[in-house]
Amino acid sequence: MGNAARNATQVAALMLTGIILSSLQTPVRSYLYNNRYAGDQVIRVIPHNDGEVEILKSLYKQLEVDLWQPNSVSIITEGAAVDLHIDRNSSGIFRSHLQQAKIPYKVLISNLQKEIEKQSGSRSSRKRRSESEYDYEVYHSLEEIQSWMHEINRTHPHFVNMFSIGQSFEGRPLYVLQLGKKSRRDKKAVWIDCGVHAREWIGPAFCQWFVKEALHSYHSDPVTRRLMNQLYFYIMPVFNVDGYHFSWTKDRFWRKTRSKNSKFHCRGVDANRNWKVKWCEEGASSHPCDETYCGPYPESEPEVKAVANFLRKQRKRVKAYISIHAYAQMLLYPYSYKYATIPNFDCVESAAHNAVLALYSAYGVRYRYGPASTTLYVSSGSSMDWAYKNGIPYAFAFELRDTGYFGFLLPETLINPTCTETTRAVKTISTSLLKKCS
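Residues numbered from 1 in each chain as written. Predicted model: local features only at pLDDT ≥ 70, side-chain atom pairs only at ≥ 80, totals over all residues. Heavy atoms only, no water.

1. Section: the layout of surface pockets
There is about 790 Å³ of room inside the largest pocket. As for the largest pocket, its lining consists of 34 residues, of which Tyr60, Val65, Asp66, Cys289 and Glu291 are closest to the centre. Of all the elements, strand 2 (residues 65-69) adds the most residues to the lining of the largest pocket, at three residues. A volume near 360 Å³ is recorded for the second largest pocket. (1 Å grid on protein atoms, 1.4 Å probe; cavity = no way out; pocket = protein on both sides within 12 Å on 5 of 7 lines; lining within 4 Å. Points joined across faces, edges and corners; volume = space filled by probe spheres on them. Helix = DSSP H or I, 4+ residues; strand = E, 2+ residues; numbered from the N terminus.)

Below, the structure is given as structure tokens:
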């Protein structure tokens, strides 16, 4: 073999080796969550009578089903939509049972994995380098959000003060941002928390958006300027830090905290059933494996205890409590644990009415509003009821977009409009604190 032929053979061999090595180094497709949701479906059923309600409850117990709405099997009622995430191995059986019983259903999401991949976009392309380049129209991991908080704190010293109120079960810091023009006098304050339930990603996205809007529009918007001058906002972008982190790394639809239970392998507590107000009564579960598990005792969760302790210390100043959840398109106020009218109903009802009108003015999205017990369902041990019972006169819980088409997988393209309209509502509620209401 001549030198030219030998060289050509060597080059070809090297190229082939390179192709083989590169194919070994680059996987054909990298799926999120190890492709665990491939073939899973989300189905909506509206039971029309007690018989259909009982069939649904029975199927829920027999098969591997994750309730998206409502969050407990005990509150499935006739005429109300039930959204169920069904494992790929169970979806065919589930649907055939419904067909046999002549119960109509609608497939909202036919392949959950595909929807997750679509929603998440290209995570590697996120802008993280500085606050000015931060992308508020994508979902961010806990690490990215906490880095953003540090950066916001560093770049806006006259308006922002970041501090930790404690540690989570897994030892993560529980960061809060104090937002508002710094003043020597004690100002009234508004508390806003997001991400109580890990899978509700639009919550943390809203908290970040609200901070950004307040800082960027301070000089151009007189309403924002007045609120920032006269109030402090205490903003906790991720309440349930352990659960949120877990929803990014292992289980996209994780809801609870990540605390351990000594008797059961099931982990976590519903952080919105763990408050010391009618704890573990109607609408909460005492079983550790249930999504609405109330915990072994009130404030058992370090995250809940940290927030409760902070609000107790600040009770004279905090006049509004706002918790951001998803999904249902509702604005709720107390009571959640009973069917009764709150003493300052007229003031709270007026603030809610005006907030919903302000929200509607952005894109024409309609929200229902009213007492949580009658508008949504009865639940005990909620943060909103606790806040109200502890002297915070304006206590609200938002259930953001949508009403079930995307559910917990609200696309990133809807972050902007959802946060824009919700900001209008929150500003309206905050403005009502500056007026006297008899």
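From this point on, the discussion continues.
2. Side note on the packing of aromatic side chains
Counted by the stated rule, this structure contains 27 aromatic pairs. Ring centres 6.2 Å apart and planes at 65° place the aromatic pair Tyr333 and Phe345 in the edge-to-face group. Of this pair, Tyr333 sits in strand 10 (residues 330-333) while Phe345 sits in helix 10 (residues 345-363), placing them twelve residues apart in sequence. In textbook terms, an aromatic cluster arises when at least three aromatic residues are bridged by ring pairs, as seen for Tyr33, Tyr37, Trp68, Phe253, Tyr327 and Phe408. For Lys212, the ring lying beneath its charged end belongs to Tyr136, and the centroid distance is 5.5 Å. If you follow Arg252 out to its NZ or CZ, it ends over the ring of Trp201, 3.6 Å from the centre. (Phe/Tyr/Trp six-rings, centres within 6.5 Å; stacked < 30°, edge-to-face > 60°. Lys NZ or Arg CZ within 6 Å of the ring centre and 35° of its normal.)

3. Some points on the side chain of Ser430
Following the sequence through the fold, Ser430 ends up in helix 13 (residues 415-433). One polar contact links the side chain of Ser430 to the main-chain carbonyl oxygen of Val426, over a distance of 2.8 Å. When residues no more than four places from it in sequence are discounted, the contact partners of Ser430 are Val190, Leu227, Leu231 and Phe233. (Polar contact = N/O pair within 3.5 Å; in protein donor to acceptor, adjacent residues only side chain to side chain. Contact = heavy atoms within 4.5 Å.)

4. Quick word on the sheet that holds strand 8 (residues 231-236)
A sheet is described by the order of its strands in space; here eight strands give the open sequence 5-6-8-7-9-12-10-11, paired in mixed fashion. Two strands close off the open sheet at either side, each with one partner strand: strand 5 (160-167) and strand 11 (368-371). The sheet shows a mean angle of 20° between the axes of neighbouring strands, direction not considered. Note that strand 10 and strand 12 (residues 394-400) share three bridges and pair antiparallel. Paired with Leu332 across the bridge in strand 12 is Ala397. The strands that helix 5 (residues 142-155) touches are strand 5 and strand 6 (173-179); relative to strand 6, the one it contacts most, it runs at about 35°. (Pairing = 2+ DSSP bridges. Axes fitted to C-alpha atoms, helices over the stretch in contact; angles between N-to-C directions.)

5. Focus on the state of the cysteines
Counted under the stated rule, the structure contains four disulfides. Each sulfur of the disulfide joining Cys280 and Cys294 lies 2.0 Å from the other. Between Cys280 and Cys294 the sulfur-sulfur dihedral comes to about -65°; the bridge is accordingly left-handed. Linking Cys280 in the loop between helix 8 (241-249) and helix 9 (302-313) with Cys294 in the loop between helix 8 and helix 9, this pair joins segments that are 14 residues apart in sequence. Since its relative accessible area comes to 22%, Cys280 is described here as partly exposed. On the basis of relative accessible area, Cys294 is assigned to the buried category, the value being 1%. Its sulfur unpaired, Cys419 is 8.7 Å from the next cysteine sulfur, which belongs to Cys194. Residue classification places Cys419 among the buried positions, given a relative accessible area of 0%. (Disulfide = S-S within 2.5 Å. Buried < 20%, exposed > 50% of the residue type's maximum accessible area, 1.4 Å probe, protein only.)

6. Let's talk about the sheet that holds strand 4 (residues 105-109)
Here four strands make up an open sheet; going across it, the order is 2-3-1-4 and the pairing antiparallel. Each end of this open sheet is capped by a strand with a single partner; those strands are strand 2 and strand 4. Strand-to-strand twist of the sheet, defined as the mean angle between neighbouring strand axes without regard to direction, takes the value 30°. The pairing of strand 2 with strand 3 (residues 82-86) spans four bridges and is classified as antiparallel. Within strand 3, the residue paired with Val65 across the bridge is Ile86.

7. Digging into helix 5
Here helix 5 is 14 residues long and its end C-alpha atoms lie 20 Å apart, about the 20 Å a rise of 1.5 Å per residue gives. Along helix 5, the residues that are buried comprise Leu142, Glu144, Ile145, Gln146, Trp148, Met149, Glu151 and Ile152. Looking at the buried positions of helix 5, the neighbouring elements they touch are strand 5, strand 6, helix 6 (202-216) and helix 8. (Expected span 1.5 Å × (residues − 1).)

8. Let's talk about the environment of Asp40
Position of Asp40 among the secondary structure elements: in the loop between helix 1 (3-25) and strand 1 (41-45). As for Asp40 and Ser91, which are separated by 51 residues in sequence, their C-alpha atoms are 7.2 Å apart. Contact partners of Asp40, with chain neighbours within four places excluded, come to His85, Ile86, Asp87, Arg88, Ile109, Ser110, Asn111 and Leu112. Of the polar contacts made by the side chain of Asp40, one reaches the backbone nitrogen of Arg88; its length is 2.9 Å.

Any functional reading would require information that these geometric values do not contain.
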